[in-house]
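If you want the building blocks of each chain, they are given just below.
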Amino acid sequence: MADPSSQQDERDYFANEPPPKDLQANVTLAREFIDRHGAACRRLVLVTSGGTTVPLEAQTVRYIDNFSAGTRGATSAEFFLRQGYAVIFLHRQYSLLPYSRHYSHNTRSFLDFMREEDGRVVVDEQHQANMLDVLRQYTHVKRDGRLLILSFVTITEYLWALREVAQLMRPLGPRAMFYLAAAVSDFFVPRDRMVEHKIQSNDEFSQSLEPADGTVLPPATRTEGRKLVIDLEPVPKFLKQLVDGWAPDGIIVSFKLETDPSILVKKARYALDKYSHHLVIGNLLSTRKWEVVFVSRLDGEKWIRVPEHRRTKSFSGVPSLVGSADPAAKQHQSAPSQS
Ligand code: PAZ
(Lines give C-alpha, C1' and ligand atoms only; values in the text may rest on other atoms or scores of the structure.)
Protein backbone atom coordinates (compact mmCIF):
# COMPACT_ATOMS: atom_id res chain seq x y z
CA MET A 1 0.00 0.00 0.00
CA ALA A 2 1.24 3.49 -0.87
CA ASP A 3 2.59 5.31 2.15
CA PRO A 4 1.45 8.99 2.24
CA SER A 5 4.57 10.19 4.05
CA SER A 6 6.83 8.54 1.42
CA GLN A 7 4.73 10.12 -1.31
CA GLN A 8 5.12 13.53 0.32
CA ASP A 9 8.90 12.98 0.67
CA GLU A 10 9.00 12.10 -3.02
CA ARG A 11 7.06 15.21 -4.04
CA ASP A 12 9.29 17.44 -1.88
CA TYR A 13 12.48 15.85 -3.17
CA PHE A 14 11.67 16.16 -6.86
CA ALA A 15 10.21 19.66 -6.39
CA ASN A 16 13.45 20.84 -4.78
CA GLU A 17 16.07 18.95 -6.79
CA PRO A 18 16.20 20.00 -10.48
CA PRO A 19 16.21 17.24 -13.14
CA PRO A 20 19.44 16.54 -15.05
CA LYS A 21 19.79 18.29 -18.41
CA ASP A 22 19.86 15.03 -20.39
CA LEU A 23 16.77 13.55 -18.68
CA GLN A 24 14.34 14.12 -21.55
CA ALA A 25 16.77 12.70 -24.13
CA ASN A 26 17.28 9.62 -21.93
CA VAL A 27 13.56 9.18 -21.38
CA THR A 28 13.02 9.23 -25.15
CA LEU A 29 15.67 6.52 -25.61
CA ALA A 30 14.26 4.44 -22.74
CA ARG A 31 10.68 4.71 -24.01
CA GLU A 32 11.64 3.49 -27.48
CA PHE A 33 13.67 0.62 -25.96
CA ILE A 34 10.94 -0.46 -23.55
CA ASP A 35 8.18 -0.24 -26.18
CA ARG A 36 10.22 -2.28 -28.66
CA HIS A 37 11.08 -5.07 -26.23
CA GLY A 38 7.66 -4.93 -24.59
CA ALA A 39 6.06 -5.54 -28.01
CA ALA A 40 8.40 -8.52 -28.51
CA CYS A 41 7.27 -9.90 -25.09
CA ARG A 42 10.88 -9.92 -23.93
CA ARG A 43 11.82 -9.76 -20.26
CA LEU A 44 13.45 -6.49 -19.37
CA VAL A 45 15.75 -5.62 -16.48
CA LEU A 46 16.97 -2.30 -15.22
CA VAL A 47 20.44 -2.86 -13.74
CA THR A 48 21.83 -0.01 -11.65
CA SER A 49 25.54 0.07 -11.07
CA GLY A 50 28.30 2.20 -9.55
CA GLY A 51 28.19 4.78 -6.78
CA THR A 52 26.28 8.05 -6.63
CA THR A 53 27.98 11.28 -5.60
CA VAL A 54 26.74 13.99 -3.26
CA PRO A 55 27.90 17.39 -4.54
CA LEU A 56 28.83 19.90 -1.84
CA GLU A 57 28.72 22.97 -4.09
CA ALA A 58 26.39 23.91 -6.99
CA GLN A 59 29.43 24.56 -9.17
CA THR A 60 30.89 21.31 -7.96
CA VAL A 61 34.54 20.99 -7.07
CA ARG A 62 34.04 18.78 -4.02
CA TYR A 63 31.71 15.87 -3.47
CA ILE A 64 31.17 12.81 -1.30
CA ASP A 65 31.32 9.50 -3.14
CA ASN A 66 29.96 6.01 -2.59
CA PHE A 67 32.13 2.98 -3.08
CA SER A 68 31.44 0.85 -6.15
CA ALA A 69 33.57 0.05 -9.18
CA GLY A 70 30.54 -1.25 -11.08
CA THR A 71 31.84 -4.82 -11.24
CA ARG A 72 28.68 -6.41 -9.87
CA GLY A 73 26.37 -4.42 -12.11
CA ALA A 74 28.38 -4.77 -15.33
CA THR A 75 28.95 -8.50 -14.79
CA SER A 76 25.34 -9.15 -13.88
CA ALA A 77 24.18 -7.26 -16.97
CA GLU A 78 26.19 -9.66 -19.15
CA PHE A 79 24.52 -12.65 -17.51
CA PHE A 80 21.05 -11.19 -17.92
CA LEU A 81 21.83 -10.58 -21.60
CA ARG A 82 23.03 -14.15 -21.91
CA GLN A 83 19.66 -15.27 -20.54
CA GLY A 84 17.83 -13.32 -23.27
CA TYR A 85 16.84 -10.24 -21.27
CA ALA A 86 16.85 -6.72 -22.67
CA VAL A 87 18.94 -4.62 -20.26
CA ILE A 88 18.82 -0.96 -19.36
CA PHE A 89 22.17 -0.35 -17.72
CA LEU A 90 21.96 2.76 -15.54
CA HIS A 91 25.51 3.30 -14.36
CA ARG A 92 27.84 5.82 -12.82
CA GLN A 93 29.62 7.60 -15.63
CA TYR A 94 33.06 6.03 -16.30
CA SER A 95 32.42 3.00 -14.07
CA LEU A 96 32.66 -0.50 -15.58
CA LEU A 97 30.52 -1.40 -18.60
CA PRO A 98 29.34 -4.83 -19.74
CA TYR A 99 31.84 -6.48 -22.12
CA SER A 100 34.37 -3.66 -22.23
CA ARG A 101 34.94 -4.25 -18.49
CA HIS A 102 37.19 -7.19 -19.42
CA TYR A 103 39.69 -4.79 -20.93
CA SER A 104 39.21 -1.51 -19.06
CA HIS A 105 39.99 -0.13 -15.60
CA ASN A 106 42.86 -2.55 -15.48
CA THR A 107 46.39 -2.02 -14.29
CA ARG A 108 47.23 -3.11 -17.84
CA SER A 109 46.23 -0.94 -20.76
CA PHE A 110 43.95 -2.56 -23.36
CA LEU A 111 46.80 -1.87 -25.76
CA ASP A 112 48.81 -4.50 -23.91
CA PHE A 113 46.52 -7.14 -25.40
CA MET A 114 47.64 -6.22 -28.93
CA ARG A 115 50.64 -5.85 -31.14
CA GLU A 116 51.50 -4.52 -34.59
CA GLU A 117 52.00 -7.00 -37.43
CA ASP A 118 52.66 -5.91 -41.03
CA GLY A 119 51.25 -2.46 -40.36
CA ARG A 120 48.03 -3.88 -38.81
CA VAL A 121 46.83 -4.23 -35.22
CA VAL A 122 46.38 -7.84 -34.09
CA VAL A 123 45.38 -9.37 -30.77
CA ASP A 124 48.07 -11.44 -29.06
CA GLU A 125 47.63 -15.18 -29.41
CA GLN A 126 47.09 -15.79 -25.68
CA HIS A 127 44.12 -13.38 -25.62
CA GLN A 128 42.45 -14.47 -28.87
CA ALA A 129 40.00 -17.00 -27.38
CA ASN A 130 38.76 -14.80 -24.56
CA MET A 131 38.51 -11.69 -26.67
CA LEU A 132 36.67 -13.53 -29.43
CA ASP A 133 34.20 -14.89 -26.86
CA VAL A 134 33.56 -11.41 -25.42
CA LEU A 135 33.38 -9.81 -28.87
CA ARG A 136 30.85 -12.40 -30.11
CA GLN A 137 28.61 -11.84 -27.10
CA TYR A 138 28.83 -8.08 -27.50
CA THR A 139 28.15 -8.17 -31.25
CA HIS A 140 25.15 -10.45 -30.75
CA VAL A 141 23.64 -8.14 -28.13
CA LYS A 142 24.33 -5.06 -30.26
CA ARG A 143 22.74 -6.64 -33.33
CA ASP A 144 19.59 -7.40 -31.30
CA GLY A 145 19.57 -3.90 -29.77
CA ARG A 146 19.18 -5.44 -26.30
CA LEU A 147 21.43 -3.13 -24.29
CA LEU A 148 20.66 0.50 -23.51
CA ILE A 149 23.35 2.35 -21.57
CA LEU A 150 22.38 5.38 -19.48
CA SER A 151 24.53 7.18 -16.93
CA PHE A 152 24.39 9.27 -13.78
CA VAL A 153 26.90 10.97 -11.52
CA THR A 154 24.98 12.52 -8.62
CA ILE A 155 22.34 11.04 -6.32
CA THR A 156 19.77 13.39 -7.85
CA GLU A 157 20.58 12.36 -11.43
CA TYR A 158 20.28 8.73 -10.35
CA LEU A 159 16.91 9.18 -8.65
CA TRP A 160 15.36 11.15 -11.51
CA ALA A 161 16.45 8.50 -14.01
CA LEU A 162 15.29 5.63 -11.77
CA ARG A 163 11.85 7.16 -11.31
CA GLU A 164 11.33 7.95 -15.00
CA VAL A 165 12.54 4.58 -16.27
CA ALA A 166 10.60 2.65 -13.60
CA GLN A 167 7.39 4.41 -14.54
CA LEU A 168 7.97 3.61 -18.22
CA MET A 169 8.53 -0.06 -17.30
CA ARG A 170 5.38 -0.26 -15.18
CA PRO A 171 3.08 -1.58 -17.97
CA LEU A 172 5.37 -4.63 -18.35
CA GLY A 173 4.25 -5.88 -14.92
CA PRO A 174 6.26 -8.90 -13.73
CA ARG A 175 8.23 -9.00 -17.02
CA ALA A 176 10.10 -5.98 -15.65
CA MET A 177 12.88 -6.54 -13.16
CA PHE A 178 14.81 -4.01 -11.10
CA TYR A 179 18.27 -5.15 -10.07
CA LEU A 180 19.58 -2.39 -7.86
CA ALA A 181 23.32 -2.94 -7.43
CA ALA A 182 24.27 0.75 -7.39
CA ALA A 183 25.68 2.14 -4.14
CA VAL A 184 23.27 4.96 -3.41
CA SER A 185 23.93 7.81 -1.00
CA ASP A 186 21.88 7.85 2.19
CA PHE A 187 22.57 11.54 2.87
CA PHE A 188 22.73 14.58 0.63
CA VAL A 189 22.91 18.37 0.45
CA PRO A 190 19.53 19.77 -0.62
CA ARG A 191 19.72 22.29 -3.45
CA ASP A 192 18.25 25.09 -1.30
CA ARG A 193 21.04 24.65 1.26
CA MET A 194 23.90 24.29 -1.20
CA VAL A 195 26.48 27.03 -1.63
CA GLU A 196 27.09 28.18 -5.20
CA HIS A 197 30.89 28.34 -5.26
CA LYS A 198 33.84 26.28 -4.11
CA ILE A 199 34.01 25.95 -0.32
CA GLN A 200 36.83 28.08 1.07
CA SER A 201 39.15 26.94 3.82
CA ASN A 202 39.00 30.32 5.52
CA ASP A 203 35.72 31.63 6.97
CA GLU A 204 36.58 35.17 5.86
CA PHE A 205 35.41 34.02 2.43
CA SER A 206 32.46 31.92 3.55
CA GLN A 207 29.28 32.16 1.50
CA SER A 208 25.71 32.75 2.49
CA LEU A 209 22.56 31.54 0.77
CA GLU A 210 20.22 33.88 -1.02
CA PRO A 211 16.86 32.15 -1.08
CA ALA A 212 14.28 33.71 -3.42
CA ASP A 213 11.46 33.36 -0.87
CA GLY A 214 13.26 35.24 1.89
CA THR A 215 13.62 32.26 4.28
CA VAL A 216 17.17 31.93 5.54
CA LEU A 217 18.58 28.46 6.06
CA PRO A 218 22.18 27.96 7.13
CA PRO A 219 24.27 26.55 4.26
CA ALA A 220 24.78 22.80 4.61
CA THR A 221 28.53 23.30 4.24
CA ARG A 222 30.23 26.10 6.11
CA THR A 223 33.55 26.90 7.68
CA GLU A 224 33.65 27.57 11.42
CA GLY A 225 37.09 28.85 12.24
CA ARG A 226 39.35 26.41 10.43
CA LYS A 227 36.83 23.56 10.57
CA LEU A 228 34.59 22.51 7.73
CA VAL A 229 31.11 21.64 8.96
CA ILE A 230 28.97 19.46 6.67
CA ASP A 231 25.36 19.09 7.64
CA LEU A 232 23.69 16.45 5.45
CA GLU A 233 20.04 15.50 5.27
CA PRO A 234 18.63 12.01 4.72
CA VAL A 235 17.74 10.94 1.20
CA PRO A 236 14.10 9.77 1.21
CA LYS A 237 13.77 5.98 1.02
CA PHE A 238 12.86 5.59 -2.64
CA LEU A 239 12.76 1.82 -2.57
CA LYS A 240 9.38 2.19 -0.87
CA GLN A 241 8.14 4.36 -3.72
CA LEU A 242 9.52 1.98 -6.34
CA VAL A 243 7.77 -1.00 -4.76
CA ASP A 244 4.48 0.73 -3.98
CA GLY A 245 4.12 3.36 -6.65
CA TRP A 246 6.47 3.38 -9.62
CA ALA A 247 6.51 -0.32 -10.51
CA PRO A 248 4.21 -2.22 -8.12
CA ASP A 249 4.11 -5.39 -10.25
CA GLY A 250 7.81 -5.53 -11.11
CA ILE A 251 10.33 -7.99 -9.67
CA ILE A 252 12.58 -6.03 -7.35
CA VAL A 253 16.02 -7.14 -6.20
CA SER A 254 18.00 -4.81 -3.95
CA PHE A 255 21.53 -5.11 -2.62
CA LYS A 256 22.80 -4.42 0.86
CA LEU A 257 26.47 -3.65 1.44
CA GLU A 258 27.89 -3.79 4.95
CA THR A 259 31.33 -3.97 6.54
CA ASP A 260 30.28 -5.49 9.88
CA PRO A 261 29.46 -9.21 9.37
CA SER A 262 27.36 -9.33 12.54
CA ILE A 263 24.68 -7.04 11.09
CA LEU A 264 24.56 -8.02 7.41
CA VAL A 265 21.73 -10.55 7.53
CA LYS A 266 19.80 -8.51 10.10
CA LYS A 267 19.94 -5.45 7.84
CA ALA A 268 18.97 -7.47 4.77
CA ARG A 269 15.95 -8.90 6.63
CA TYR A 270 15.02 -5.46 7.86
CA ALA A 271 15.03 -4.11 4.29
CA LEU A 272 12.91 -7.03 3.09
CA ASP A 273 10.35 -6.50 5.88
CA LYS A 274 10.29 -2.76 5.42
CA TYR A 275 9.91 -2.62 1.64
CA SER A 276 8.18 -5.97 1.00
CA HIS A 277 9.99 -6.58 -2.29
CA HIS A 278 11.26 -9.88 -3.65
CA LEU A 279 14.91 -10.33 -2.77
CA VAL A 280 17.75 -8.65 -0.90
CA ILE A 281 21.27 -9.73 -1.80
CA GLY A 282 23.65 -8.99 1.05
CA ASN A 283 27.39 -8.71 0.72
CA LEU A 284 30.37 -7.60 2.76
CA LEU A 285 32.89 -5.18 1.38
CA SER A 286 35.82 -7.50 2.04
CA THR A 287 34.27 -10.73 0.68
CA ARG A 288 31.80 -9.45 -1.92
CA LYS A 289 33.65 -11.02 -4.83
CA TRP A 290 33.14 -14.59 -3.64
CA GLU A 291 30.18 -14.70 -1.26
CA VAL A 292 26.71 -13.21 -1.10
CA VAL A 293 23.64 -14.00 0.94
CA PHE A 294 20.20 -14.13 -0.64
CA VAL A 295 17.43 -13.12 1.75
CA SER A 296 13.85 -13.66 0.58
CA ARG A 297 10.51 -14.56 2.08
CA LEU A 298 10.32 -17.69 -0.02
CA ASP A 299 13.74 -19.18 0.72
CA GLY A 300 14.83 -17.45 3.93
CA GLU A 301 18.57 -16.99 4.04
CA LYS A 302 20.82 -18.67 1.49
CA TRP A 303 24.59 -18.18 1.18
CA ILE A 304 26.21 -18.57 -2.21
CA ARG A 305 29.95 -18.97 -2.29
CA VAL A 306 32.52 -19.36 -5.01
CA PRO A 307 34.68 -22.39 -4.13
CA GLU A 308 38.08 -21.46 -2.76
CA HIS A 309 40.03 -22.77 -5.78
CA ARG A 310 38.07 -20.47 -8.09
CA ARG A 311 38.56 -17.32 -6.07
CA THR A 312 41.02 -15.88 -8.54
CA LYS A 313 41.79 -12.25 -9.09
CA SER A 314 39.93 -12.41 -12.36
CA PHE A 315 36.63 -13.42 -10.78
CA SER A 316 34.28 -10.59 -11.36
CA GLY A 317 30.86 -10.69 -9.89
CA VAL A 318 27.81 -12.76 -9.32
CA PRO A 319 28.33 -16.41 -8.53
CA SER A 320 24.63 -17.03 -8.13
CA LEU A 321 23.83 -16.04 -11.68
CA VAL A 322 26.79 -17.85 -13.13
CA GLY A 323 26.00 -21.38 -11.97
CA SER A 324 29.08 -23.56 -11.62
CA ALA A 325 27.74 -26.14 -14.09
CA ASP A 326 27.74 -23.67 -16.97
CA PRO A 327 31.00 -24.12 -18.93
CA ALA A 328 30.46 -20.90 -20.87
CA ALA A 329 30.17 -19.03 -17.61
CA LYS A 330 33.29 -20.72 -16.33
CA GLN A 331 35.19 -19.55 -19.36
CA HIS A 332 33.72 -16.13 -18.83
CA GLN A 333 34.97 -15.97 -15.29
CA SER A 334 38.49 -16.68 -16.34
CA ALA A 335 38.49 -13.84 -18.86
CA PRO A 336 40.88 -11.02 -18.12
CA SER A 337 39.26 -8.62 -15.77
CA GLN A 338 39.64 -5.66 -13.51
CA SER A 339 39.84 -4.86 -9.84
O1 PAZ B 1 30.48 -2.36 -7.92
P2 PAZ B 1 31.24 -3.33 -7.07
O3 PAZ B 1 31.26 -4.69 -7.69
O4 PAZ B 1 32.61 -2.80 -6.75
O5 PAZ B 1 30.49 -3.44 -5.69
C6 PAZ B 1 29.17 -3.95 -5.69
C7 PAZ B 1 28.38 -3.43 -4.50
C8 PAZ B 1 29.08 -3.85 -3.22
C9 PAZ B 1 28.30 -1.91 -4.54
C10 PAZ B 1 26.96 -4.07 -4.60
O11 PAZ B 1 27.06 -5.45 -4.55
C12 PAZ B 1 26.05 -3.57 -3.48
O13 PAZ B 1 26.03 -4.10 -2.40
N14 PAZ B 1 25.27 -2.52 -3.75
C15 PAZ B 1 24.39 -1.89 -2.78
C16 PAZ B 1 25.20 -0.96 -1.91
C17 PAZ B 1 24.38 -0.35 -0.80
O18 PAZ B 1 24.13 -1.02 0.24
O19 PAZ B 1 23.99 0.81 -0.97
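If you're wondering where the values come from, they're calculated on a predicted model, not measured in any experiment.

**Notes on the overall build of the protein**
Part 1 of the reasoning: Looking only at helices and strands, the protein features nine helices and 16 strands.
Part 2 of the reasoning: Sorting the 339 residues of the protein into buried and exposed places 47% on the buried side.
Part 3 of the reasoning: Of the contacts formed within the protein by residues at least 6 apart in sequence, a portion of 71% connects residues at least 24 apart.
Part 4 of the reasoning: For the protein, the accessible surface area stands at approximately 17,600 Å², while carbon and sulfur atoms represent 54% of it.

**Some thoughts on unusual backbone geometry**
Part 1 of the reasoning: Residues other than glycine seldom take positive phi values, yet Cys41 does so here, at roughly 55°.
Part 2 of the reasoning: Relative to the assigned elements, Cys41 resides in the loop between helix H2 (23-39) and strand S1 (44-49).
Part 3 of the reasoning: Here the phi dihedral of Tyr99 falls at roughly 70°; this positive angle occurs in a residue that is not glycine.
Part 4 of the reasoning: Here Tyr99 shows up in the loop between strand S4 (86-92) and strand S5 (114-117).
Part 5 of the reasoning: Its relative accessible area of 4% is what places Tyr99 among the buried residues.

**Comments concerning the sheet that holds strand S13 (residues 251-258)**
Part 1 of the reasoning: Taken together, eight strands build an open sheet; the order of strands is S7-S4-S1-S8-S13-S14-S15-S16 and the sheet is mixed. Edge positions in the open sheet fall to strand S7 (147-152) and strand S16 (300-305), since each of these has one partner strand only. Averaged over all pairs of adjacent strands, the angle between their axes in this sheet comes to 15°, without regard to strand direction.

**Considering the packing of aromatic side chains**
Part 1 of the reasoning: Following the criterion strictly, the structure yields 13 aromatic pairs and no others.
Part 2 of the reasoning: Between Phe238 and Trp246 the ring centres are 5.7 Å apart and the planes differ by 25°, which places this aromatic pair in the stacked class. An identical accessibility class is assigned to Phe238 and Trp246; each is buried.
Part 3 of the reasoning: Joined through ring pairs, the aromatic side chains of Tyr13, Phe14, Trp160, Phe188, Phe238 and Trp246 make up one cluster.
Part 4 of the reasoning: Positioned above the aromatic ring of Phe113 is the side chain of Arg108, whose terminal nitrogen or guanidinium carbon lies 4.8 Å from the ring centre.

**Describing the site of the ligand**
Part 1 of the reasoning: Inspection of the region around the ligand gives 15 residues, with Ser68, Gly70, Arg72, Leu257 and Asn283 positioned closest.
Part 2 of the reasoning: Here an oxygen atom of the ligand and a side-chain polar atom of Ser68 are 2.6 Å apart.
Part 3 of the reasoning: Protein coverage of the free-state accessible area of the ligand, which is 470 Å², stands at 91%.
Part 4 of the reasoning: Judged by the fraction of its atoms near the pocket grid, the ligand is located in the largest pocket.
Part 5 of the reasoning: Contributions of two or more residues to the shell around the ligand are made by helix H3 (71-82) and S13.
Part 6 of the reasoning: Examining the composition of the shell around the ligand, we find that three residues originate from one element, S13, more than from any other.

**As for the pairing of S4**
Part 1 of the reasoning: Burial analysis of S4 places seven of its seven residues in the buried class, which makes it a mostly covered element.
Part 2 of the reasoning: Note: S1 against S4, six bridges, orientation parallel. Paired with Val45 across the bridge in S4 is Val87.
Part 3 of the reasoning: Two elements, S4 and S7, share six bridges in a ladder whose sense is parallel. Residue pairing for S7: Val87 is matched across the bridge by Leu147.

**Considerations on the nonpolar core**
Part 1 of the reasoning: In terms of nonpolar packing, the biggest core is built from 56 residues, with Ile34, Ile88, Met169, Phe178 and Leu242 touching the most fellow members.
Part 2 of the reasoning: With ten residues, helix H5 (residues 155-169) is the largest single contributor of residues to this core.
Part 3 of the reasoning: Once residues within four sequence positions are removed from consideration, Leu242 is found in contact with Ala166, Phe178, Leu180, Ala247, Pro248 and Ile252.

**Some details on the pattern of salt bridges**
Part 1 of the reasoning: This model, assessed by the stated rule, comprises 18 salt bridges.
Part 2 of the reasoning: Salt-bridge contacts for Arg101 lead to Glu78; the nearest nitrogen and oxygen are separated by 2.8 Å. A residue pair is termed long-range when its members are at least 10 positions apart, and Arg101 in the loop between S4 and S5 and Glu78 in helix H3 qualify at 23 residues. Side by side, Arg101 and Glu78 carry an identical accessibility label, which is buried.
Part 3 of the reasoning: In this structure, a network of salt bridges that share partners links the residues Arg115, Glu117 and Asp124.

**Things to note about helix H1 (residues 4-16)**
Part 1 of the reasoning: Under the 1.5 Å per step criterion, the end-to-end length of H1 is 18 Å for 13 residues, consistent within 8% with the ideal 18 Å.
Part 2 of the reasoning: Along H1, the residues classified as buried are Ser6, Glu10, Tyr13 and Phe14. Down the axis of H1, the sector holding all buried residues measures 85°, keeping them to one side. Residues of H1 that are exposed and angled more than 90 degrees away from the buried face: Pro4, Arg11 and Ala15.
Part 3 of the reasoning: Of the surrounding secondary structure, the elements contacted by the buried residues of H1 are H5, strand S9 (187-188) and helix H6 (238-246).

**Overview of the layout of surface pockets**
One water molecule sets the probe size; rolling that probe over the atoms shows where empty space is left.
Part 1 of the reasoning: By volume, the largest pocket is sized at about 1,200 Å³.
Part 2 of the reasoning: The wall of the largest pocket is formed by 46 residues, among which Ala182, Ala183, Val184, Phe255 and Lys256 lie closest to the centre.
Part 3 of the reasoning: Counting residues per element, the ones that place at least two in the lining of the largest pocket are S1, H3, H5, H6, S13, helix H7 (264-275) and strand S14 (279-284).
Part 4 of the reasoning: Here the residues of the lining of the largest pocket are counted per class, giving 23 nonpolar, 14 polar and nine charged.
Part 5 of the reasoning: Within this model, the second largest pocket holds a volume of roughly 540 Å³.
Part 6 of the reasoning: In this structure, the second largest pocket is lined by 24 residues; those nearest its centre are Pro55, Ala58, Thr60, Thr154 and Glu157.
Part 7 of the reasoning: Tallying contributions element by element places H5 first for the lining of the second largest pocket, with three residues.
Part 8 of the reasoning: Taken together, the residues of the lining of the second largest pocket sort by class into 13 nonpolar, five polar and six charged.

Parameters and conventions
Each chain carries its own residue numbering, running from 1 in the direction its sequence is written. Under the rules for a predicted model, residues below a pLDDT of 70 receive no local features and side-chain atom pairs below 80 are neither given nor counted, while totals for whole chains, interfaces and linings still include all residues. In computing side-chain properties, one takes all heavy atoms of the structure into account and sets aside hydrogens as well as water. Put simply, DSSP H or I for four residues or longer makes a helix, DSSP E for two residues or longer makes a strand, and each gets a number counted from the N terminus. Relative accessible area decides the class of each residue, using a 1.4 Å probe on protein chains only: under 20% of the type maximum gives buried, over 50% gives exposed, and in between gives partly exposed. Contacts were defined at the residue level, with two residues in contact if any of their heavy atoms lie within 4.5 Å. Throughout, the Shrake-Rupley method with a 1.4 Å probe supplies accessible areas, and for residues the shown protein chains are the sole cover considered. Strand pairing is assigned whenever DSSP identifies at least 2 bridges connecting the two strands. Axes, fitted as lines to C-alpha atoms, cover a helix only where it is in contact. Angles between the N-to-C directions of the axes lie from 0 to 180 degrees. In summary, the pairing rule links any two rings of Phe, Tyr or Trp, Trp by its six-membered ring, whose centres are within 6.5 Å, and it sorts them by plane angle into stacked for under 30 degrees, edge-to-face for over 60 and tilted for everything else. Geometrically, a charge over a ring is one whose NZ (Lys) or CZ (Arg) sits within 6 Å of the ring centre while staying within 35 degrees of the ring normal. Near, as used in this document, describes a residue that has one of its heavy atoms within 4 Å of the molecule or strand being considered. Counting of polar contacts relies on pairs of N or O atoms within 3.5 Å, with two restrictions inside protein: one atom must be capable of donating a hydrogen and the other of accepting it, and residues adjacent in sequence are counted only when both atoms are side-chain atoms. Of the grid points, spaced at 1 Å and generated over the protein atoms alone, those admitting a 1.4 Å probe that cannot get out make up cavities, while open sets with protein on both sides within 12 Å along at least five of seven lines make up pockets; any residue with an atom within 4 Å of a point is treated as lining. Occupancy of a cavity or pocket is assigned to a molecule whenever over half of its atoms lie within 2 Å of that pocket's grid points. We define the nonpolar core as a collection of buried residues of types Ala, Val, Leu, Ile, Met, Phe, Trp, Tyr and Cys that are connected through side-chain atoms lying within 4.5 Å of one another. What counts as a salt bridge is simple: a side-chain nitrogen of Lys or Arg found within 4 Å of a carboxyl oxygen of Asp or Glu. An expected span of 1.5 Å times one less than the residue number is assigned to each helix. The arc under discussion is defined with respect to the helix axis, by the directions toward the C-beta atoms. Grid points are joined across faces, edges and corners, and a volume is the space filled by probe spheres set on the points. In the scheme used here, Gly and all other residues not listed as nonpolar or charged are polar, with Ala, Val, Leu, Ile, Met, Phe, Trp, Tyr, Cys and Pro taken as nonpolar and Asp, Glu, Lys and Arg as charged.

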